[in-house]
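What follows is each chain in one-letter form.
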Amino acid sequence: MAAASRTWFRLSPQFLRSFRRSDGKLFHTGRRRLQTKPSNGAASAYHMANTEALPEYKHQAKIIDGVAMAKEIREEVRAEVDQWVAQGHRPPHLSVVLVGDNPASASYVKAKTKAAKGAGITSETILKPSSISQEELLDLVEKLNKDDRVDGLLVQLPVPDHMTERTVCNAVAPEKDVDGFNVVNVGRFCLDEPAFLPATPYGVMEMIRRSGIETFGKNAVVCGRSKNVGMPLAMLLHTDKEHHEICADATTTICHRYTPGDQLEVFTKTADIIIVAVGQPNLITADMVKEGVVVIDVGINRVVDPVTGKMKLVGDVDFEGVSRKASYITPVPGGVGPMTVAMLMKNTLAAAKKDGTYGLSMSPKEPLSQEVS
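Residues numbered from 1 in each chain as written. Predicted model: local features only at pLDDT ≥ 70, side-chain atom pairs only at ≥ 80, totals over all residues. Heavy atoms only, no water.

## Some thoughts on the overall build of the chain
Counting its secondary structure elements, the chain contains 11 helices and 14 strands. Burial status across the chain gives 49% buried among its 373 residues. (Helix = DSSP H or I, 4+ residues; strand = E, 2+ residues; numbered from the N terminus. Buried < 20%, exposed > 50% of the residue type's maximum accessible area, 1.4 Å probe, protein only.)

## Things to note about the confidence of the model for the chain
In the predicted model, the chain carries a mean pLDDT of 84, and 79% of its residues have values of at least 70. A low-confidence stretch, residues 364-373 stays under pLDDT 50, and its non-local contacts, those more than four residues away or across chains, total 14 contacts. (pLDDT = per-residue confidence, 0-100. Contact = heavy atoms within 4.5 Å.)

## Examining helix H6 (residues 183-190)
Where H6 begins, the side chain of Asn182 points an oxygen toward the backbone nitrogen of Val184, at a separation of 2.7 Å. In the stretch just after H6, Asp192 is the one whose phi turns positive, near 60°. (Polar contact = N/O pair within 3.5 Å; in protein donor to acceptor, adjacent residues only side chain to side chain.)

## So, the side chain of Asn182
For Asn182, the location among the structural elements is in the loop between helix H5 (165-171) and H6. Residues within four places of Asn182 in sequence aside, it is in contact with Arg166, Cys169, Asn170, Val172, Pro174 and Asp177.

## Some points on a nonpolar patch on the surface
A surface patch of nonpolar side chains, about 270 Å² in accessible area, is lined by Tyr108, Ile300 and Leu313. With respect to the element layout, Leu313 can be found in strand S13 (residues 311-314). (Patch = residues over 30% accessible without salt bridge, like charges linked within 9 Å, V, L, I, M, F, W, Y side chains within 5 Å. Areas by Shrake-Rupley, 256 points an atom, 1.4 Å probe, with all protein chains shown as cover. Salt bridge = Lys/Arg side-chain N within 4 Å of Asp/Glu carboxyl O.)

## Regarding the side chain of Lys176
Mapped onto the elements, Lys176 comes out in the loop between H5 and H6. Lacking a salt bridge, the buried Lys176 has Asp148 as its closest oppositely charged neighbour, with an N-O distance of 5.6 Å. Apart from residues lying up to four places away in sequence, Lys176 is in contact with Leu144, Asn145, Lys146, Asp147, Val150, Asp151, Gly152, Leu153 and Phe196. (Lys, Arg positive; Asp, Glu negative; His and termini not counted.)

## Re helix H8 (residues 230-238)
With respect to burial, H8 is a largely interior element, eight of its nine residues being buried. Inspection of H8 places Gly230, Met231, Pro232, Leu233, Ala234, Met235, Leu236 and Leu237 among the buried residues, and these make up the whole buried set. Looking at the buried residues of H8, the elements they touch are H6, helix H7 (199-210), strand S8 (219-223), strand S9 (251-255) and strand S10 (273-276).

## Quick word on the sheet that holds S8
If you walk across this open sheet you meet the six strands as S4-S14-S11-S10-S8-S9, and the pairing is parallel. Strand pairing shows two members of the sheet lacking a second neighbour, strand S4 (62-63) and S9, which therefore form its edges. Pairing of S10 with strand S11 (residues 294-297), which is carried by four bridges, proceeds in the parallel orientation. Following the sheet pairing, Ile273 is matched in S11 by Val294. (Pairing = 2+ DSSP bridges.)

## Quick notes on the nonpolar core
Ranked by size, the top nonpolar core spans 56 residues in total, and within it Ile275, Ile296 and Met345 carry the most contacts. In terms of residues, this core owes the most to one element, helix H11 (residues 336-352), which gives 10 residues. Apart from residues no more than four positions distant in its own chain, Ile275 is found in contact with Val204, Ile208, Val221, Val222, Cys223, Leu233, Leu237, Ile296 and Val298. (Core = buried A, V, L, I, M, F, W, Y, C linked by side-chain atoms within 4.5 Å.)

## Things to note about the pairing of strand S12 (residues 301-304)
Going residue by residue along S12, you find Asn301 and Val303 tucked away on one face and Arg302 and Val304 left uncovered on the opposite face. Across four bridges, the pairing between S12 and S13 is antiparallel. Residue pairing for S13: Val304 is matched across the bridge by Met311. Taking the residues that link successive antiparallel strands as the turn, the S12-S13 hairpin has six residues, and the phi of Gly309 there is positive, at about 80°.

## Notes on the pairing of S10
With burial as the criterion, each face of S10 is covered, one bearing Ile273 and Ile275 and the other bearing Ile274 and Val276. Inspection of the sheet shows S8 paired to S10 by four bridges, in the parallel sense. Directly across from Val221, in S10, lies its bridge partner Ile274.

## As for the packing of H7 against H8
Orientation of H7 relative to H8, taken along the N-to-C sense of each, is 35°, at an axis distance of 9 Å. Crossing handedness for the pair H7 and H8: right-handed. For the pair formed by H7 and H8, the contact residues are Pro201, Val204 and Met205 on the first element and Pro232, Leu233, Leu236 and Leu237 on the second. Partitioned by chemical class, the residues of the contact of H7 with H8 number seven nonpolar, no polar and no charged. (Axes fitted to C-alpha atoms, helices over the stretch in contact; angles between N-to-C directions. Left-handed = near helix turned anticlockwise from the far one by under 90°. Nonpolar A, V, L, I, M, F, W, Y, C, P; charged D, E, K, R; others polar.)

## Description of unusual backbone geometry
Most of the time, phi is negative for any residue but glycine, and the peptide bond is trans. Look at the link from Leu157 to Pro158: it is a cis peptide, with omega at 5°. Topologically, Pro158 is positioned in the loop between strand S7 (152-155) and H5. A cis amide bond links Val332 with the next residue in sequence, Pro333, at an omega value of 0°. Relative to the helices and strands, Pro333 is located in the loop between strand S14 (328-329) and H11. For Asp192, which is not glycine, the phi torsion reads 60° and is therefore positive.

## Things to note about the environment of Glu206
Along the chain, Glu206 turns up in helix H7. With 41 residues separating them in the primary sequence, Glu206 and Cys247 have C-alpha atoms 9.6 Å apart. Sequence-distant contacts of Glu206, defined by excluding residues within four places in its chain, comprise Met69, Ile73, Ile246, Met339 and Met343.

See below:
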């Protein structure tokens, strides 16, 4: 086998802060090291990725095209919207509140409003300076909650540091909460009650369903435990399919920053389905997975391309290596990202079609039994 070579990727300070332990030290698994090396007298952080020559495997993954699938979903939403309007209703309306001038947030909002237009959904973006107080923001949210012209409402995250994210999310009325972040929707969803599903987990599960991937009784591993992605994904993967077709009936394990590196590999090597949402390039490599695994990469990281020297987007998975063993894999970019926006459109349409059960995305097929299953 060819000798291993080392490629260094610069990581942002924000990323490093997200991986600091309570004692202030950088967290790392036994396999993935975060190292520092001096640059112009200052300590800069880099990620070391092993790029040694890869062996040949029997599998070559089928790429799950999130762009194409999202387009299909948006067309389906457009057809439903056209039918809704033909019945005498106004088009669904989405209001997005953007606080501050975070470029990434502005880009995400632009993608959402563009998708809304393509789906026949009207939208507006309400810009507020980062200096706005939390009380002023909550007053604005309450005003939009009471506006009958607004069907779907979201406050783009993250909010400025002087605000409490959970307070802001809970301020959005549950029946307009198309992000699925209000505590009422989170609780209802966890109990298999009608609720809005967070768009990213919703999109991941739809990718799995539309790709015809078998989940019943399979071993699924979720890397990442965030309340907006990892936790709801784990819930959807293990939940009884009797309650909704998007649920998976899988045996699910959650791994996170305090999972020891050697144990992470134990879990991923036995997984039939791996979903990674951590924010660490090359966290999952080919030697950590079995052949035929399904890999969904939710990670978005900006790294320096060692060939061009320019910044590029990569996920949390070593795509080149893992795709030689997996049966299905999502690319970054072009995978989960477009699906997140598409599922937000579905939620907005559902919010417009109000009924006795909210007209929301997650609803049991029949009343839940009191028996433990």
